[in-house]
Amino acid sequence: MNSIPDKQRAYFNLNYTKPVEFRIQQLKKLRDLLKSNERLLYDAIYADFRKSGFDTYLTEFAVPNNELDIAISHLKRWAKIKRVRTDMVNFPGSSYIIPEPLGVCLVIGAWNYPINLSLTPLISAIAAGNTVILKPSEMTVHTSAALAHIINDHFDPAFLTVVEGGIDETTALLENQFDKIFFTGSASVGKIVYQAAAKHLTPVTLELGGKSPAIIEKDANLNMAARRLVWAKFLNAGQTCVAPDYILVHQSVEKELLEKLKLEIQHSDYSLLNGNYVQIINEKNLDRLKGLVDEGTIYLGGQTDKEQRTMSPTVLSNVLPTDRIMKEEIFGPVLPVISYDDLNSAINFIKSKSKPLSLYLFTHNDVIRKKILSEISFGGGAVNDAVMHFSNSRLPFGGVGNSGMGSYHGKAGFDCFSHFKSIYQKPNWFELNLKYYPHTKRKLKLIKFVMSLK
Ligand code: NAD
């Protein structure tokens, strides 16, 4: 396994990945492979989660398919040399920026959306002209094996390969020198990856998690808020990095919101049989989630089924900010609802925690919208919706602080795997001799004058 980075470096140094035509060809090949192996991948996701075809398309294929189409059609423009103005002090001359691939990239995926979170960064890395080693999560054994089968059977490993495995394999991989590491996962493992990267001064993008709040102001459309929040929270049984982790609701509408959440959950009739629910990834996580509902009041749900590995959509009321459930990312189908009477106290509560990956605000009040968006730092989010910002490739996706660093999707993904090489090019027919010896007062005065010309 440890010879792969060297083989990829040798391949990269032969410049095979640099022509835009090569990159487009590889992306088209990947698109064809995804199409022809669709059944295999859908079955793998079903084996790992019992997820329906509808949700598999929505959560695993929609974004990578879109990213492939966008990269294939925009790549020529993204990869173009960009000319910029030359300042007076450098006249005559020209200035331009060359986007260049970083080199050998390692992409480490998370288990919760194993196709989407592996392929989306992979597509950006290929588009930018890199070689890639993909290490999907070992927790989703079937999907990891399917990805390895599809990719390793069809691509030269010196260009693109999947390495399967868990902590040991990832630790071994991380000892190698990479030109970029793209990691999706928890903050605690993010720190391990960051430390390993620091040894080689390798740039990293860390896509981490955290507790993403949803704020419901008193003027919010509660029917719509409940509808959108219930979908966003219980999609993938809450195992979504951008899921609303908890709700902060103005106390004047708390009771009404709880009723609407209940109606919406009952209406959605979540079950594995209906195909609108999925399993908890493993028994350990099911037990962890069970342990989280022993504080607060179970307003709805709370049932677990060990055999099916499921937990019913659960809403908790009377939750205190000091409860255990408010101290860790839930990453499961439990939705605590906390009320506030003063918006500033809600803002201060969010600010007292690590910067969230997402924030969702439900209001029609422009003053409140501007206040929240300017006063709280978070990765990204939505106003009067939840989760859907992830699907717009024109919105760079990523966290801030504890929820991550760097962003991707669309052009931001291309940028994330590129270096922008700045060049100043000068002709030989003119030389302003000001900077050369002898240094006189007059020359200094002239330099200051030229520098002031913009
Ligand atoms: P994780 O950190 O346990 O694992 C992620 C990857 O790291 C896996 O491939 C795993 O094999 C590897 N890994 C685990 N332990 C390691 C170690 N000690 N050394 C080296 N590698 C190791 O995360 P997870 O459980 O797969 O995912 C859940 C977390 O990921 C949640 O916090 C969630 O919010 C976050 N997440 C973030 C995003 C995002 O886009 N920001 C997306 C999905 C999940």
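Reading the values: the criteria
Residues numbered from 1 in each chain as written. Predicted model: local features only at pLDDT ≥ 70, side-chain atom pairs only at ≥ 80, totals over all residues. Heavy atoms only, no water. Helix = DSSP H or I, 4+ residues; strand = E, 2+ residues; numbered from the N terminus. Buried < 20%, exposed > 50% of the residue type's maximum accessible area, 1.4 Å probe, protein only. Contact = heavy atoms within 4.5 Å. Areas by Shrake-Rupley, 256 points an atom, 1.4 Å probe, with all protein chains shown as cover. 1 Å grid on protein atoms, 1.4 Å probe; cavity = no way out; pocket = protein on both sides within 12 Å on 5 of 7 lines; lining within 4 Å. Points joined across faces, edges and corners; volume = space filled by probe spheres on them. Nonpolar A, V, L, I, M, F, W, Y, C, P; charged D, E, K, R; others polar. Domains from an automatic or database assignment. Near = heavy atom within 4 Å. Polar contact = N/O pair within 3.5 Å; in protein donor to acceptor, adjacent residues only side chain to side chain. Pairing = 2+ DSSP bridges. Buried area = accessible area lost by both parts, 1.4 Å probe. Core = buried A, V, L, I, M, F, W, Y, C linked by side-chain atoms within 4.5 Å. Axes fitted to C-alpha atoms, helices over the stretch in contact; angles between N-to-C directions. Parallel < 35°, antiparallel > 145°, perpendicular 65-115°, else oblique. Left-handed = near helix turned anticlockwise from the far one by under 90°. Right-handed = clockwise from strand over helix to strand, strands pointing away.

Draft legend 1. The overall build of the chain, seen in detail. Secondary structure summary: the chain contains 15 helices and 18 strands in total. For the chain, the spread of C-alpha atoms along the three principal axes comes to 80 × 55 × 35 Å. Burial statistics for the chain: of 454 residues in total, 52% are counted as buried. Restricting to contacts in the chain with at least 6 residues of sequence separation, those with at least 24 account for 71%. Total accessible area on the chain stands at roughly 21000 Å², and carbon and sulfur atoms take up 55% of it.

Draft legend 2. How the structure looks around the layout of surface pockets. Counted as a void, the second largest pocket has a volume near 270 Å³. What lines the second largest pocket is a set of 16 residues, among which Leu58, Thr59, Leu235, Val387 and Phe390 lie closest to the centre. Where the lining of the second largest pocket is concerned, the elements lending two or more residues are α4 (53–78) and α5 (116–127). When residues of the lining of the second largest pocket are assigned to their parent elements, the largest contribution, four residues, is made by α4. Grouping the amino acids of the lining of the second largest pocket by side-chain chemistry returns 12 nonpolar, four polar and no charged. When we break the lining of the second largest pocket down by domain, the ones giving at least three residues each are domain 1 (3–208 + 404–419) and domain 2 (213–398).

Draft legend 3. Layout of the site of the ligand. Taken together, 25 residues surround the ligand, and among them Trp111, Glu138, Ser186, Leu208 and Glu329 come closest. The backbone of Gly185 places a nitrogen or oxygen atom 3.1 Å from an oxygen atom of the ligand. A distance of 3.5 Å is found between a nitrogen atom of the ligand and a backbone nitrogen or oxygen belonging to Glu207. In isolation the ligand has 840 Å² of accessible area, and contact with the protein removes 90% of it. By residue class, the composition of the shell around the ligand is 13 nonpolar, eight polar and four charged. Residues from two domains meet in the shell around the ligand; each of domain 1 (3–208 + 404–419) and domain 2 (213–398) gives at least three.

Draft legend 4. Structural context of the pairing of strand β9 (residues 246–250). When you tally the buried positions in β9, you get five out of five residues, the bulk of the element. Side chains Tyr246, Leu248 and His250 of β9 all project onto a buried face; the interleaved residues Ile247 and Val249 project onto the opposite face, where all are buried too. Judged from the four bridges that link them, strand β8 (residues 213–216) and β9 form a sheet pairing that is parallel. Its bridge partner lying in β9, Ala214 is registered against Ile247. In the sheet, β9 pairs with strand β14 (residues 334–340) via four bridges, with the strands oriented parallel. If you follow Val249 over to β14, its bridge partner there is Ser339.

Draft legend 5. Layout of the domain arrangement of the chain. Here the domain parsing of the chain yields domain 1 (3–208 + 404–419) and domain 2 (213–398). Tallying the contact residues gives 27 residues for domain 1 and 26 residues for domain 2. Buried area between domain 1 and domain 2, both sides added, is near 2100 Å², and the carbon and sulfur share of it is 57%. Considering only the surface of domain 1 that becomes buried against domain 2, Arg50, Trp111 and His409 emerge as the three largest contributors, covering 27% of it.

Draft legend 6. View of the nonpolar core. Counting 119 residues, the largest nonpolar core has Leu27, Leu122, Ile216, Ile247, Leu261 and Ile372 as its most contacted members. Both domain 1 (3–208 + 404–419) and domain 2 (213–398) contribute no fewer than three residues apiece to this core. Those residues in contact with Leu27 that sit more than four places away from it in its chain are Leu68, Ala71, Ile72, Leu75, Ile123, Ile126 and Ala127. Formed by 17 residues, the second largest nonpolar core is a distinct cluster that contains Ile4, Val104, Val163 and Phe178.

Draft legend 7. Summary view of the environment of Leu320. Among the structural elements, Leu320 can be located in the loop between β13 (314–317) and β14. Separated by 49 residues in sequence, Leu320 and Arg369 place their C-alpha atoms 25 Å apart.

Draft legend 8. Just the packing of helix α2 (residues 20–36) against α4, in detail. Two elements in contact, α2 and α4, have axes separated by 10 Å at closest approach and are oriented at 160°. Judged on the interaxial angle alone, α4 and α2 are roughly antiparallel. Here α2 and α4 pass one another in a crossing that is left-handed. Residues Val20, Glu21, Arg23, Ile24, Leu27, Lys28, Leu30, Arg31 and Leu34 of α2 pack against Asn65, Leu68, Asp69, Ala71, Ile72, Leu75 and Lys76 of α4.

Draft legend 9. Highlighting the pairing of strand β7 (residues 204–207). Neither face of β7 is left uncovered, since the one carrying Val204 and Leu206 and the one carrying Thr205 and Glu207 both have all their residues buried. In this structure, strand β6 (residues 180–184) lies alongside β7, joined through four bridges in parallel fashion. Across the sheet, the residue bridging to Phe182 is Thr205, located in β7. Following the chain from β6 across helix α8 (residues 187–199) to the adjacent parallel β7, one finds a crossover that is right-handed. One ladder, built from two bridges, connects β7 with strand β17 (residues 404–405); its direction is antiparallel. Note on β17: the bridge partner recorded for Leu206 is Met405.

Draft legend 10. Just the side chain of Ser52, in detail. Note on placement: Ser52 falls in the loop between α3 (38–49) and α4. For Ser52, a relative accessible area of 16% translates into the label buried. Separated by 3.1 Å, the side chain of Ser52 and the backbone nitrogen of Asp55 make a polar contact.

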